[in-house]
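# Working through the structure, step by step
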Amino acid sequence: MTKLIRFIKQEAVLSVAAVLALLSAFFVPPDGAYLGYIDFRTLAILFSLMTVMAGLRQQGIFDRMGRALLALTGSTLQLVLVLVGLCFFGSMFITNDVSLLTFVPFTFVVLNSLGAEAREKLILPVVCMQTIAANLGSMLTPIGNPQNLYLYGRSGMGMGAFVALMLPYTLASLALLAGWAVWLCRGGSPVRKGTGGPFLAPQQSVAADGRIIWMDAALFVVCLLAVVRVLPYPVAFGAVLAATLLADRATLGRVDYSLLLTFVAFFIFIGNLGRVEAFSDWLRQIIAGREVLVAVLASQVTSNVPAALLLSGFTQDVQALIIGTNLGGLGTLIASMASLISYRQIAREEPAGKGRYFALFTLSNLLFLAVLLGLWAILA
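Within any chain, residue numbers begin from 1 and follow the written order of that chain's sequence. Two thresholds apply to this predicted model, a pLDDT of at least 70 for residue-level local features and 80 or more for giving and counting side-chain atom pairs, whereas whole-chain, interface and lining totals are computed over all residues. Remark: hydrogens and water are excluded; side-chain values derive from all non-hydrogen atoms of the structure.

With that settled, consider the overall build of the chain. Secondary structure elements follow DSSP: runs of H or I no shorter than four residues count as helices, runs of E no shorter than two count as strands, and numbering proceeds from the N terminus. The helix and strand tally for the chain stands at 19 helices and zero strands. Here the globule rule is a power law, 2.2 Å times the number of residues to the power 0.38, and the radius of gyration is based on C-alpha atoms. Its C-alpha atoms give the chain a radius of gyration of 21 Å, within 12% of the compact-globule value 21 Å for 380 residues. C-alpha extents for the chain along the principal axes are approximately 65 × 50 × 50 Å. Counting across all 380 residues of the chain, residues that qualify as buried make up 52%. Sequence separation of at least 24 residues holds for 80% of the intrachain contacts in the chain that already meet a minimum separation of 6. Working definition: with a 1.4 Å probe on protein chains only, accessible area under 20% of the residue-type maximum means buried, over 50% means exposed, and in between means partly exposed. When checking whether two residues touch, look at their non-hydrogen atoms; a contact exists if any pair is within 4.5 Å.

This is the structure we're talking about:
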């Protein structure tokens with residue numbers, strides 16, 4: 001029982017999705033149509049991307065990239081811009097989860113080497129903005145986060161059309177983040193002079209394997225070709241699985257299988273709801289013409305990935321869902337489950353600052369969300 005409780009706490013979204021799928025099965029008994037609920041393309045590409053990113057992260061490639069960029073900084077503002085920029089731009093290609101898993105711990109290493117006063121001033125706001133940056137940067141590309149990958153597949157859009165749709169919000173987000181960094185660092189003095197500054201902790205030796213790095217880089221290109229429909233997704237899935245089994249089998253144990261199972265459970269739940277005519281008609285009436293706002297609100301209580309999966313079954317306006325679920329990642333701590341990565345790191349490293357971080361996170365998210373919703377109202 002203790003293990004079950006621990007599992008439910010650790011995998012709350014998966015647990016809820018499984019319960020919903022099970023309950024829905026009482027209204028629509030399992031039959032041959034269940035298999036048609038599942039979007040195997042999304043699952044295969046998501047697995048492939050997670051496997052490749054896990055392999056590259058294990059090789060320390062993102063940590064090296066961060067250190068290389070930090071070596072060029074010479075002021076507090078430059079330092080903050082690099083730390084936040086790593087999450088913003090990195091999330092476009094390595095997903096918001098991987099970006100935060102990599103660069104938030106890296107930020108603690110960097111800021112821990114500053115003086116106590118500078119660290120105290122920067123640690124909470126920088127991690128807060130890194131989290132917002134990862135969630136906002138990831139909205140530009142189909143591979144930035146799981147709901148984008150799923151909705152991109154459903155929409156039938158090209159890569160250029162997807163990027164064009166989210167570009168105004170991404171540029172506005174970048175301007176907001178830059179303005180916030182300037183405000184935070186007003187009157188700041190250089191954190192170092194010359195090269196090899198004190199905030200750069202000695203490089204820990206990571207046993208990087210060049211062959212695996214090149215292999216994963218090539219597999220990432222294969223995944224991108226599957227995303228843009230140049231290659232069939234089974235080809236990408238097979239290539240990633242076979243290559244990883246042969247050359248880097250341990251990486252398969254680092255894949256987030258709970259996310260894949262969450263998708264499967266929600267596919268079943270949504271598919272069954274669609275076959276309950278009274279409920280599906282009611283939900284379609286609620287969503288119709290309000291996709292963006294409903295997606296934003298739903299994301300606040302379910303997170304944006306489940307919101308995308310649920311709402312997509314009851315509207316044809318997938319582009320509005322893309323905007324709504326991406327903007328909906330702002331707001332509450334669970335609006336984007338990636339935000340919990342940073343919160344757990346704060347709780348571990350700065351337990352006394354959890355309350356202040358939560359307040360700062362909530363206020364900052366709501367301000368960013370208000371501005372971006374205002375932009376949507378103008379563009380709509």
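From this point, the discussion proceeds with the structure in view.
Time to look at the pattern of salt bridges. When a carboxyl oxygen of Asp or Glu lies within 4 Å of a side-chain nitrogen of Lys or Arg, that pair is called a salt bridge. Here the structure, examined in full by the defined rule, presents five salt bridges. Two residues, Arg356 and Glu120, come together in a salt bridge whose shortest N-O distance is 3.8 Å. Taken together, the positions of Arg356 in helix α19 (residues 354-379) and Glu120 in helix α8 (residues 116-137) put the pair 236 residues apart, joining distant regions of the chain. The partly exposed category is assigned to Arg356, whose relative accessible area is 47%. Judged by its relative accessible area of 44%, Glu120 is partly exposed.

On to the nonpolar core, then. By nonpolar core is meant a set of buried Ala, Val, Leu, Ile, Met, Phe, Trp, Tyr and Cys residues that side-chain atoms within 4.5 Å join together. Core analysis: the largest hydrophobic core is formed by 121 residues, its most contacted members being Val80, Leu111, Phe263 and Leu327. Sorting elements by how many residues they give to this core places α8 first, with eleven residues. Leave out the neighbours within four places in its chain, and Leu327 touches Met139, Tyr169, Val296, Leu369, Leu372 and Leu373.

Moving on, we come to the packing of helix α9 (residues 146-155) against helix α16 (residues 304-311). Note on method: axes are straight lines fitted to C-alpha atoms, helices fitted across the in-contact stretch only, with angles between N-to-C directions ranging 0 to 180 degrees. Where α9 meets α16, the closest approach of the two axes is 8 Å, and the angle between their N-to-C directions is 20 degrees. As judged from the angle between their axes, α9 and α16 are roughly parallel. Note that α9 runs across α16; the crossing there is left-handed. Listed contacts from α16 to Pro146, Gln147, Tyr150 and Leu151 of α9 are Asn304, Val305, Ala308 and Leu309. For this scheme, ten residues count as nonpolar: Ala, Val, Leu, Ile, Met, Phe, Trp, Tyr, Cys and Pro. Four count as charged, namely Asp, Glu, Lys and Arg, and the remainder, Gly too, count as polar. Taken together, the residues of the contact of α9 with α16 sort by class into six nonpolar, two polar and no charged. When an angle is under 35 degrees it counts as roughly parallel; over 145 it counts as roughly antiparallel; between 65 and 115 it counts as roughly perpendicular; any other value is oblique. Whether a crossing is left-handed or right-handed is set by the direction in which the near helix is turned from the far one by less than a right angle, anticlockwise for left-handed and clockwise for right-handed.

Paired rings are identified among Phe, Tyr and Trp, the last through its six-membered ring, by centres lying within 6.5 Å, and are further divided according to the angle between planes into stacked (under 30 degrees), edge-to-face (over 60) and tilted (the rest). This structure, assessed with the given rule, holds ten aromatic pairs. With a centroid separation of 5.1 Å and 35 degrees between ring planes, the pair formed by Tyr34 and Tyr37 is classed as tilted. With Tyr34 and Tyr37 both in helix α3 (residues 34-37), this residue pair falls three residues apart, about one helical turn. According to the relative accessible area criterion, Tyr37 is buried, its value standing at 15%. Judged by centre distance (5.9 Å) and plane angle (70 degrees), the ring pair of Phe263 and Phe267 falls under edge-to-face. Pair noted here: Phe263 and Phe267 are both in helix α13 (residues 257-274), with a separation of four residues, about one helical turn. Looking at Phe263, the relative accessible area reads 0%, which means it is buried. Among the aromatic residues, those joined into a cluster by ring pairs are Phe47, Phe237 and Tyr257.

The next subject is unusual backbone geometry. A positive phi angle, near 75 degrees, is found at Thr95, a position not held by glycine. Within the fold, Thr95 resides in the loop between α6 (76-94) and α7 (96-112). The exposure class of Thr95 is buried, given its relative accessible area of 16%. Positioned with a positive phi, Ser303 is a non-glycine residue whose angle comes to about 80 degrees. Here Ser303 lies in the loop between α15 (291-302) and α16.

So, about α7. Multiply 1.5 Å by the residue count of a helix minus one, and that product is the helix's expected span. Spanning 17 residues, α7 covers 23 Å between terminal C-alpha atoms, matching the ideal 24 Å at 1.5 Å per step. Burial runs high along α7: twelve of the 17 residues are buried. Among the residues making up α7, those that are buried are Asn96, Val98, Ser99, Leu100, Thr102, Phe103, Val104, Phe106, Thr107, Phe108, Val110 and Leu111. Elements in contact with the buried residues of α7: α4 (40-58), α5 (61-70), α6, α8, α9 and α18 (339-349).

What follows covers the state of the cysteines. Here, two cysteine sulfur atoms that lie within 2.5 Å of each other are counted as a disulfide. Tallied over the entire structure, the rule returns zero disulfides. Counting only cysteine sulfurs, Cys87 is the nearest neighbor of Cys128, a cysteine outside any disulfide, at a range of 12 Å.

Let us look at the confidence of the model for the chain. For every residue, the predictor assigns a confidence score, pLDDT, that lies between 0 and 100. Taken over all residues, the pLDDT of the chain has a mean of 88, while the share at 70 or more is 94%. When pLDDT is averaged over each element of the chain, helix α17 (residues 318-327) comes out on top at 96 and helix α1 (residues 2-10) at the bottom at 75. Per-residue pLDDT stays below 50 along residues 193-198; that stretch engages in four contacts with residues further than four places along the chain or on separate chains.

What follows deals with the environment of Gln319. Residue placement: Gln319 occurs in helix α17. Residue Gln319 is classed as partly exposed on the basis of its relative accessible area, which comes to 38%. Distance in space between the C-alpha atoms of Gln319 and Leu122 is 37 Å, their sequence separation being 197 residues. When residues no more than four places from it in sequence are discounted, the contact partners of Gln319 are Met157 and Leu165.

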